[in-house]
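# What the coordinates show
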Amino acid sequence: MAMITNSSTFHDLISEASEVEQLGTGFGWTEGPVWNPEGYLLFSDMPGDVIRRWDETDGIQDWRRPSSMANGLSYDAERRLVTCEHATSRVTRTERDGTLTTIASHYDGKELNSPNDIVVKSDGSIYFTDPAYGRMAYYGVEREQELDVQGVYRVVPEAGEPTLVVDDFDGPNGLAFSPDEALLYIVDSERMHIRVFEAKSDGTLGGGHVFFPQSGSMDDAPDGIKVDEGGNLYAGMSDGIWVISPQAEHLGTIEVSERVTNLNWGDRDWSTLYITAGHSLCRVRTRSRGARSSYMR
């Protein structure tokens, strides 16, 4: 696919010669890619009820089946996998022995909607979005909502119940910290924009203005997002990955043949974007590197 350039800065981040490579296809609906520094990628297939693993030698294999219709994946500083589960409305952590620990499942005595995407801050606290998408058939288990809010939560694993940090979203989705963790970007897919918040030292979020609006139909709404070490955002869109500067300028687009649901940095130099796109898994090399989360070492 082609690269669409809106600014000369774009090619400082993505080479004109870069090509999107398809690593596998034919899945139900892919999401949540995360690279393990030991040399492999995990990604979710929600309708398939499986987390799959990819590496250069063995290709794609099942890693966990069933997966409780897992969506967003990340690691904590100890490289324990944290997972958003659509079927159970839980956030779980996979311990070293493979057992699962529930990190969050309820708020104010009611079951969470369907945790969707997740990030782990360097202090160990976990932020996750909780829309109702996992209460739909195919992407989850069809059932009534117990909560009347689709919010963004913070949880400290040792502290119990999550804290609702933002309550005025219509469809909270992808989220990512700036390199210094001073800002948290959060997608509201229903409103078709990305908001930016001040990430305060006490764990709360301040501000919350619209950072990047998008126009068109819901099919064109942003989904998963990630940030590079220079603070540029990479947003999954219907036509590929939009690269957006910290000043909210759309620098260019990496075209992908299917809707990009999510993406994440990988390989030893953290300069490859692994891409979940509709029914496929892809990758593309970049000239940039991912903003370093605590597990990326």
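Residues numbered from 1 in each chain as written. Predicted model: local features only at pLDDT ≥ 70, side-chain atom pairs only at ≥ 80, totals over all residues. Heavy atoms only, no water.

## Things to note about the overall build of the protein
Per the secondary structure count, the protein includes 1 helix and 27 strands. Counting only C-alpha atoms and orienting by the principal axes, one finds that the protein spans roughly 50 × 45 × 35 Å. Expressed as a percentage of the 297 residues in the protein, the buried residues total 61%. Long-range contacts, defined as pairs at least 24 residues apart, comprise 47% of the intrachain contacts of the protein with a sequence gap of at least 6. When the accessible surface of the protein is summed, it comes to about 11,700 Å², and 44% of that surface belongs to carbon and sulfur atoms. For the protein, the distance from the average site of its 26 positive side-chain charges to the average site of its 48 negative ones is 6 Å. (Helix = DSSP H or I, 4+ residues; strand = E, 2+ residues; numbered from the N terminus. Buried < 20%, exposed > 50% of the residue type's maximum accessible area, 1.4 Å probe, protein only. Contact = heavy atoms within 4.5 Å. Areas by Shrake-Rupley, 256 points an atom, 1.4 Å probe, with all protein chains shown as cover. Lys, Arg positive; Asp, Glu negative; His and termini not counted. Charge placed at Lys NZ, Arg CZ, Asp CG, Glu CD.)

## Remarks on the environment of Asp 170
Note on placement: Asp 170 falls in the loop between β16 (163-169) and β17 (172-177). Spatially, the C-alpha atoms of Asp 170 and Asp 188 are 6.5 Å apart, while their sequence positions differ by 18 residues. In this structure Asp 170 touches Gln 150, Asp 188, Glu 190 and Arg 191, once residues within four positions along its chain are discounted. At a separation of 3.1 Å, a polar atom in the side chain of Asp 170 contacts the side chain of Arg 191. (Polar contact = N/O pair within 3.5 Å; in protein donor to acceptor, adjacent residues only side chain to side chain.)

## Some details on unusual backbone geometry
The linkage connecting Arg 65 with the following residue, Pro 66, adopts the cis geometry, with an omega of 0 degrees. Its place among the elements puts Pro 66 in the loop between β6 (59-64) and β7 (70-75). Of note in the backbone geometry, Asp 108 takes a positive phi value of approximately 55 degrees without being a glycine. Its location among the elements puts Asp 108 in the loop between β11 (106-107) and β12 (110-111). Phi at Ala 248 is positive, roughly 70 degrees, even though this residue is not glycine. Inspection of the secondary structure assignment puts Ala 248 in the loop between β23 (240-244) and β24 (250-255). A relative accessible area of 25% places Ala 248 in the partly exposed class.

## A few points about the pairing of strand β22 (residues 233-237)
The buried count for β22 comes to 5 of 5 residues, which makes it a mostly enclosed element. With burial as the criterion, each face of β22 is covered, one bearing Leu 233, Ala 235 and Met 237 and the other bearing Tyr 234 and Gly 236. Taken together, the 3 bridges between strand β21 (residues 225-227) and β22 define a ladder with antiparallel strand orientation. Bridge pairing links Val 227 to Leu 233 in β22. Taken together, β21 and the strand that follows it, β22, pair antiparallel across an intervening segment of 5 residues, in which Gly 231 is found at a positive phi of about 90 degrees. As paired strands, β22 and β23 are joined by 5 bridges and run antiparallel to one another. Bridged to Gly 236 within β23 is Ile 241. Linking two consecutive strands that pair antiparallel, namely β22 and β23, is a turn of 2 residues. (Pairing = 2+ DSSP bridges.)

## As for the pattern of salt bridges
If you walk through the whole model with that rule in mind, you get 19 salt bridges. For the salt bridge of Asp 55 with Arg 53, the shortest nitrogen-to-oxygen distance reads 3.3 Å. A residue is classified by how much of its surface remains accessible, and Asp 55, at 7% relative accessible area, is buried. We note a salt bridge from Glu 95 to Arg 80, for which the minimum N-O separation is 3.6 Å. In this pair, Glu 95 is assigned in the loop between β9 (90-94) and β10 (100-104) and Arg 80 in the loop between β7 and β8 (81-85), connecting sequence segments 15 residues apart. The exposure class of Glu 95 is buried, given its relative accessible area of 16%. We classify Arg 80 as buried; its relative accessible area is 14%. Among the ionic contacts, a cluster of salt bridges with common partners joins Asp 76, Glu 78, Arg 80, Arg 93 and Glu 95. (Salt bridge = Lys/Arg side-chain N within 4 Å of Asp/Glu carboxyl O.)

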